[in-house]
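Report on the structure
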Amino acid sequence: MATQFHLEIVDIEQEDAENAATLCFRKIDELELLLSRFVPDSDISRINRMESGDELMLDYETWQVLKESITIQQETQAAFNIGVAEYMNIFRATKQGILSSFEMTNALASAFEVVQNSSIYVDPEVPKIYCLHQGMKFDLGAIGKGFALDQLTVLLEELEIQNYAINVGNSTVLVRGKSASEDSWGFTLSSSKEEVPLELKDVSISASGTFYQGQHIFDPRTGQNDFESFYDRVWVASKSAAVSDAYATACFLLNQESLKEIVHHNSKIDWIAISQQGKIEFIGQNHVPLKQL
């Protein structure tokens, strides 16, 4: 997944914690083999090679994340969409100097036309996918890490472990129960001008923006990454890490009125925070667990 996972488990014996951590990291490796488009025989790579008329049986977890992706795509009016792999390939080739800016513009326009004319159907009843019109290629970069955290939560619950925190590259954090010293977990939202400390319990927070990776976010509704963003950074809180991960990317593309609608009408979203010119503002303020200083 091209990132680091940090797992902290408290209130159990060290040997038990080490065994649980081993199982968690093994699970991450298994999900990488299923969901990464850079693994040649992964489910996602096989989907990306499908031609019109092909059908493919899927691993149950691949099927789960695809259905979750489709649901969030519908909820965000397509601001979230996993069919962006070709845009990412073009962007990467440009960063590597293989394509010029002019060539990138033309390549993105061509890729967008192909994607618009392609279609894939995921069976809602059985783990199977059908390629109706080839051309769409999946990239789970905006939901895969969060989905992996949700799967680790299932594993840790089966092991009857209640208190832990998992941090993925400082872009998605999931906490359950309490920390070693408090009844909650400390977390800080940081911008160029301020920091806001939070006390978290049983929640996931994901961040999205362009500060660290440049203009790597593509608007799937246009196939372009040259849009002028409303924000410096966006954070989304949800019980589900897959939801917070995907929604953080989608919300970076949406205006504040749309974000207010999401917070007020989507029960899966606890709150959203935005940074504009270095100032942090919360949407859904009543649900924000601000740390009392």
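Chains are numbered independently. Their residues run from 1 in the order of the written sequence. Totals for whole chains, interfaces and linings use every residue, but because this is a predicted model, local features are given only for residues with pLDDT of at least 70 and side-chain atom pairs only at 80 or more, for both listing and counting. Based on all heavy atoms of the structure, the side-chain values leave hydrogens and waters out of the count.

Quick word on the pattern of salt bridges
Salt-bridge detection follows one rule: a side-chain nitrogen of Lys or Arg within 4 Å of a carboxyl oxygen of Asp or Glu. In the structure shown here, the tally under the stated rule is 10 salt bridges. Among the ionic pairs, Lys128 bridges to Glu55, the shortest N-O distance being 2.8 Å. Linking Lys128 in strand β4 (residues 128–133) with Glu55 in strand β2 (residues 55–57), this pair joins segments that are 73 residues apart in sequence. Categorising residues by exposure relies on relative accessible area from a 1.4 Å probe, with only protein chains included: less than 20% of the type maximum marks a residue as buried, more than 50% marks it as exposed, and the intermediate range marks it as partly exposed. Given a relative accessible area of 17%, Lys128 falls into the buried group. Across the salt bridge formed by Glu75 and Lys268, the nearest N and O atoms sit 2.9 Å from each other. Taken together, the positions of Glu75 in helix α3 (residues 60–75) and Lys268 in the loop between α8 (256–265) and β11 (269–276) put the pair 193 residues apart, joining distant regions of the chain. Classification of Lys268 by relative accessible area gives partly exposed; the value is 27%. Runs of E in the DSSP output that reach at least two residues are strands. Runs of H or I that reach at least four are helices, and both are numbered from the N terminus.

Looking at unusual backbone geometry
With a phi angle near 75°, Ala78 is a residue other than glycine that sits in the positive phi range. Looking at the secondary structure, you find Ala78 in the loop between α3 and α4 (85–95). In this structure Ala78 comes out as partly exposed when scored by relative accessible area, which is 24%. Even without a glycine there, the phi angle at Asn170 is positive, about 60°. The class for Asn170 is exposed, based on a relative accessible area of 58%.

Interpretation note: all reported values are geometric properties and have no functional meaning in isolation.
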